[in-house]
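Residue-level structure breakdown
Take a look at the letters that make up each chain.
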Amino acid sequence: MTEHLQIAIDGPAGAGKSTVARKLADKLGYLYIDTGAMYRASTWLALKHGLSLHDGPGIAALARRTEILLAAADETSDGKIRVYVDGEEITRDIRTQKMSEQVIPVAALKEVREVLVEKQKELARQGNAVLDGRDIGTVVLPKAGLKIFLTASAEVRAGRRLKELNAQGENPDFEELLAQIKDRDHKDRTREVSPLTMADDAIEVSTDNLSIDQVVDKLLVLAEGAKRSAV
Ligand code: CDP
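Here goes a summary of the coordinates provided. (Residues numbered from 1 in each chain as written. Predicted model: local features only at pLDDT ≥ 70, side-chain atom pairs only at ≥ 80, totals over all residues. Heavy atoms only, no water.)

Looking at the pairing of strand β7 (residues 146-151)
- Burial of β7 is extensive: six of the six residues sit out of reach of the surface.
- Of the pairings in the sheet, the one linking strand β1 (residues 6-10) to β7 comprises four bridges and is parallel in character. Within β7, the position partnered with D10 by the bridge is F149.
- Pairing geometry for β7 and strand β8 (residues 203-206), over four bridges, is parallel. Within β8, the residue paired with I148 across the bridge is I203. (Buried < 20%, exposed > 50% of the residue type's maximum accessible area, 1.4 Å probe, protein only. Helix = DSSP H or I, 4+ residues; strand = E, 2+ residues; numbered from the N terminus. Pairing = 2+ DSSP bridges.)

Looking at the pattern of salt bridges
- All chains considered together, the criterion is met by 14 salt bridges.
- With its nearest N and O atoms 3.0 Å apart, the salt bridge here joins R82 to D74.
- Residue classification places R82 among the buried residues on the basis of a relative accessible area of 14%.
- Judged by relative accessible area, D74 falls into the partly exposed class, the value being 30%.
- Of the charged contacts in the structure, one is a salt bridge between D183 and K187, with a shortest N-O distance of 2.9 Å. (Salt bridge = Lys/Arg side-chain N within 4 Å of Asp/Glu carboxyl O.)

As for helix α9 (residues 212-230)
- Between the first and last C-alpha of α9 there are 26 Å, a value that for 19 residues agrees with the 27 Å anticipated at 1.5 Å per step.
- Those residues of α9 lying buried are V215, V216, L219, L220, A223 and A226. Seen from one end, α9 has its buried residues packed into an arc of 140°, which puts them on one side. For α9, the exposed residues lying more than 90 degrees away from the buried face are V221, R228 and S229.
- In this structure, the buried residues of α9 make contact with β1, α1 (17-28), β7 and β8. (Expected span 1.5 Å × (residues − 1). Arc of directions from axis to C-beta. Contact = heavy atoms within 4.5 Å.)

Details of helix α3 (residues 56-65)
- Within the sequence span of α3, burial applies to G56, G58, I59, A60, L62 and A63.
- The secondary structure elements touched by the buried residues of α3 are α2 (35-48), α4 (97-107) and α5 (110-124).
- With a side-chain oxygen lying 2.8 Å from the backbone nitrogen of G58, the N-terminal cap of α3 falls on D55. (Polar contact = N/O pair within 3.5 Å; in protein donor to acceptor, adjacent residues only side chain to side chain.)

A closer look at the nonpolar core
- Judged by nonpolar contacts, the single largest core of 58 residues is most densely connected at I7, I9, L24, V130, L131, L150 and L219.
- With seven residues, α2 is the largest single contributor of residues to this core.
- When neighbours within four sequence positions are excluded, V130 is seen to be in contact with I7, I9, A21, L24, A25, Y30, L31, Y32 and I33. (Core = buried A, V, L, I, M, F, W, Y, C linked by side-chain atoms within 4.5 Å.)

Shown next, in the form of structure tokens:
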């Protein structure tokens, strides 16, 4: 019997999760599921339909009936996966600084989380997969074969975010970004529903002094170990 290997990568904003997770999935030939993109897509849907960003049942119903498609990144999507809702591409729209703020109340809605967690579990059942988010190792895939908790200091994360936004043509102030990162950390960790916590059986990896490729190499070694212990 072949068991699927599911790899959960959780951690705070800007720790490099999505880039690392995508590269790791590429190297392993696994499916990559960016769960943050699903929260962003649901926020986009709420805005499009004029719903309040606190309307749990309304946004959940919208998210349930909408196909949220995550497609592979390519050279024109800045390394980010492509995202479509009912066929409409929203890859860029969901990555703005404004959207990063608007998604916070939506990700705190219990009804929305229920719908998206169900979609995430279903996607992960399709085969070997790498999922990244806040609650993958704790809620979405409590039995994942490998759980990683990626961290980095707030300063390093704010610096990375600044670079990323500069590349998209946005020019926010570093101190403001740092304050936002700290605020998001606080909100992520203290929200009532699925707060960001490290699963007991997760391995913490600090990325402060490591390049993306060094982190990916480290995780590849851990993934090989997890594959061996799964057989
Ligand atoms: O890249 P960044 O961490 O800034 O954002 P993201 O991973 O795209 O996630 C967008 C938002 O969704 C953040 O506010 C997360 O707190 C939230 N999120 C969540 O609550 N649960 C997940 N599994 C993934 C993201």
